[in-house]
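Fold and contact review
Below are the chains, spelled out letter by letter.
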Amino acid sequence: MAVNVQPLRASQPTAVLTVDTRESFALLHVGLSLTESANRALTEAFAHAVERSPSWCYVVFGGAPALRIEPPRDSTVPVALRPREVATVASVSATLVEETLRAHGFDVRIVSRAHEVRA
Amino acid sequence: MTLADAFLAIFPHLAPELAAHADVNARDLFLHRVALIERAAATHSVPAHVVGAVCWSETRLGVWRAYASLCGVRLNHVYIADDTRSADIAARTLAHLHTQCGTWPRALARYRYGGACGNAAGMGYGLRTHGTAGRLARAQGVSP
């Protein structure tokens, strides 16, 4: 019996980074299919981000993979400058996560960049 | 149900945080801030649950961390530290944006990210914040 076997397509895995910056904190969501290799890449990416800003950045457990960035309770950064600092740390963390995922062969798309609110 | 009660109802982790806070006035401060938001919303004829959701999205109303501006309002690169003014400008801006954009999610996306109504970068924020507003409205027993 003839069997029509389709070759597996070696497609590049995709990750979508969403940087959601608010006034006093930021959330960095990563959307990707959680295979074992993706899990390893994500763990490494988050570890780099947390290592870079240990008191500002931590992993959110439960739900989609995410990092939360906010000033520590004993932060010495003046309150008026915190939103800008949050945006900066969020931007740096996003870059670290992006670079690590790319190094693991992911096609990374960034949905939104850190942004400050205005009225 | 008041807006403050609605916040406490939909965020079960809020009341324990207020009770455990080092500042003994944390609960009074929270109620005061919510009252300012309700007053600003009434002044500009905007649903209080929408303004409340925006301020919650921006700063968690200062329950966990100090903020530069209650509702994340910045004018000429300076954050508006005065709570009354921050809530008032946020409500006024939201009223204006809703008129321009037609729907709340599109207005909220523009409020946060600027650009056109329904700015793609801000639609995630817009939809999430609108979701919070809807939950607050349902808890209050008003139409979202």
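For the structure, check the block above.
Summary of the structure given here. All residue numbers refer to positions counted from 1 along the written sequence of the respective chain. Each chain takes a letter, starting from A, and each ligand takes a number, starting from 1, following the order in which they are written. Local features in this predicted model are restricted to residues of pLDDT 70 or higher, and side-chain atom pairs are both shown and tallied only at a pLDDT of 80 or more, whereas totals for entire chains, interfaces and linings draw on every residue. Note: side-chain values were computed over all heavy atoms of the structure, leaving out hydrogens and water.

Describing the overall build of chain A
Going by this rule: Put simply, DSSP marks the helices as runs of H or I at least four residues long and the strands as runs of E at least two long, and each gets a number from the N terminus on. Here's how the labels work: a residue is buried when its accessible area is under 20% of the maximum for its type, exposed when over 50%, partly exposed in between, all with a 1.4 Å probe on protein chains only.
The helix and strand inventory of chain A stands at two helices and five strands. From first element to last, N terminus to C terminus, chain A shows the α and β order β-β-α-β-β-α-β. Residue burial in chain A is summarised as follows: out of 119 residues, 41% are buried.

Looking at the sheet that holds strand β3 (residues 57-60) of chain A
All names here are of chain A. Threshold: When DSSP finds two or more bridges between a pair of strands, those strands are recorded as paired. Between the N-to-C directions of two axes lies an angle of 0 to 180 degrees, each axis being a line fitted to C-alpha atoms and, for a helix, fitted only over the stretch in contact.
Overall, mixed pairing links the five strands, which are arranged β3-β4-β2-β1-β5 in an open sheet. Two strands in the sheet have a free side with no partner beyond their single neighbour: β3 and β5 (107-112). Strand-to-strand twist across the sheet, computed as the mean angle between neighbouring axes with direction ignored, equals 20 degrees. The pairing of strand β1 (residues 14-21) with strand β2 (residues 26-31) spans six bridges and is antiparallel.

Examining helix α1 (residues 36-52) of chain A
Residue and element names in this part refer to chain A. Quick note on the threshold: Here a helix's expected span is defined as the number of its residues, less one, multiplied by 1.5 Å. Note that the arc is computed from the directions linking the helix axis to the C-beta atoms. Between two residues, a contact is recorded if the distance between any of their heavy atoms is within 4.5 Å.
The end-to-end C-alpha separation of α1 is 25 Å, in line with the 24 Å expected for 17 residues at 1.5 Å each. The set of residues buried in α1 consists of Ala-38, Ala-41, Leu-42, Ala-45, Phe-46 and Ala-49. Axial view of α1: buried residues confined to an arc of 130 degrees, hence all on one face. Away from the buried face of α1 by more than 90 degrees, exposed residues Glu-36, Arg-40, Thr-43 and Glu-51 are located. Against β2, β3, β4 (66-69) and α2 (82-103) lie the buried residues of α1.

Topic: the state of the cysteines
Residues and elements named next belong to chain B. Here is the rule: By definition, disulfides here are pairs of cysteine sulfur atoms that lie within 2.5 Å.
This model, assessed by the stated rule, comprises two disulfides over all chains. Note that Cys-101 is cross-linked by a disulfide to Cys-117, the S-S spacing being 2.1 Å. Disulfide Cys-101-Cys-117: torsion about the S-S bond near -75 degrees, hence left-handed. Here Cys-117 lies in the loop between α6 (104-113) and α7 (123-140) and Cys-101 lies in helix α5 (residues 83-101), a separation of 16 residues in the sequence.

Focus on the packing of aromatic side chains
Residue and element names in this part refer to chain B. Selection criterion: Working definition: rings of Phe, Tyr and Trp (its six-membered ring) pair if their centres are within 6.5 Å, and the pair is stacked with planes under 30 degrees apart, edge-to-face with planes over 60 apart, and tilted otherwise.
Evaluated as defined, the whole model comprises five aromatic pairs over all chains. Ring centres 5.4 Å apart and planes at 35 degrees place the aromatic pair Phe-7 and Trp-56 in the tilted group. Separated by 49 residues along the polypeptide, Phe-7 in helix α1 (residues 3-10) and Trp-56 in helix α4 (residues 48-59) bring together distant segments of the chain. Accessibility classification places Phe-7 together with Trp-56 in one group, the buried group. Taking 4.3 Å as the distance between ring centres and 15 degrees as the angle between the ring planes, the aromatic pair formed by Phe-11 and Trp-56 counts as stacked. Taken together, the residues span a long stretch of sequence, with Phe-11 in the loop between α1 and α2 (14-20) and Trp-56 in helix α4 at a distance of 45 residues. Overall, the relative accessible area of 2% leaves Trp-56 in the buried class.

Topic: the nonpolar core
Using the following cut-off: Residues grouped as a nonpolar core are buried Ala, Val, Leu, Ile, Met, Phe, Trp, Tyr and Cys residues, joined through side-chain atoms within 4.5 Å.
Ranked by size, the top nonpolar core spans 45 residues in total, and within it Phe-7, Leu-14, Phe-30, Leu-61 and Tyr-111 of chain B carry the most contacts. Counting residues per element, the ones that place at least two in this core are α1, α2, α3 (26-43), α4, α5, α6 and α7 of chain B. Among the elements that take part in this core, α5 of chain B stands out by supplying seven residues, more than any other. What Phe-7 of chain B contacts, discounting residues up to four positions off in sequence, is Leu-14, Phe-30, Val-34, Gly-52, Trp-56, Leu-61 and Leu-136 of chain B. In this structure, Leu-32, Leu-67, Leu-101 and Phe-106 of chain A belong to the second largest nonpolar core, which totals 25 residues.

Side note on the interface of chain A and chain B
By a widely used convention, the size of an interface equals the accessible area lost when the partners come together. Under the convention used in this document: Here's the idea: put two parts together, see how much 1.4 Å probe accessible area each one loses, and the total over both is what we call buried area. Definition used for salt bridges: Asp or Glu carboxyl oxygen within 4 Å of a side-chain nitrogen of Lys or Arg. In the analysis that follows, any N or O atom pair within 3.5 Å is treated as a polar contact, provided that within protein one partner can donate a hydrogen and the other can accept it, and provided that, for residues neighboring in sequence, both atoms belong to side chains. Polar here means any residue other than Ala, Val, Leu, Ile, Met, Phe, Trp, Tyr, Cys and Pro, which are nonpolar, and Asp, Glu, Lys and Arg, which are charged; Gly is therefore polar.
Of the residues lining the interface, 24 residues belong to chain A; the matching set on chain B comes to 26 residues. Each partner contributes to the roughly 2,400 Å² buried at the junction of chain A and chain B, and carbon and sulfur atoms together form 45% of this total. Counting across the interface, chain A meets chain B through three salt bridges. A salt bridge links Glu-17 of chain B to Arg-73 of chain A; the nearest nitrogen and oxygen atoms lie 3.5 Å apart. Our enumeration of links across chain A and chain B arrives at 13 residue pairs in polar contact (both at pLDDT 80 or more). Those elements giving two or more residues to the side of chain A that touches chain B turn out to be β1, α2 and β5 of chain A. Residues belonging to the side of chain A that touches chain B are distributed by class as follows: ten nonpolar, four polar and ten charged.

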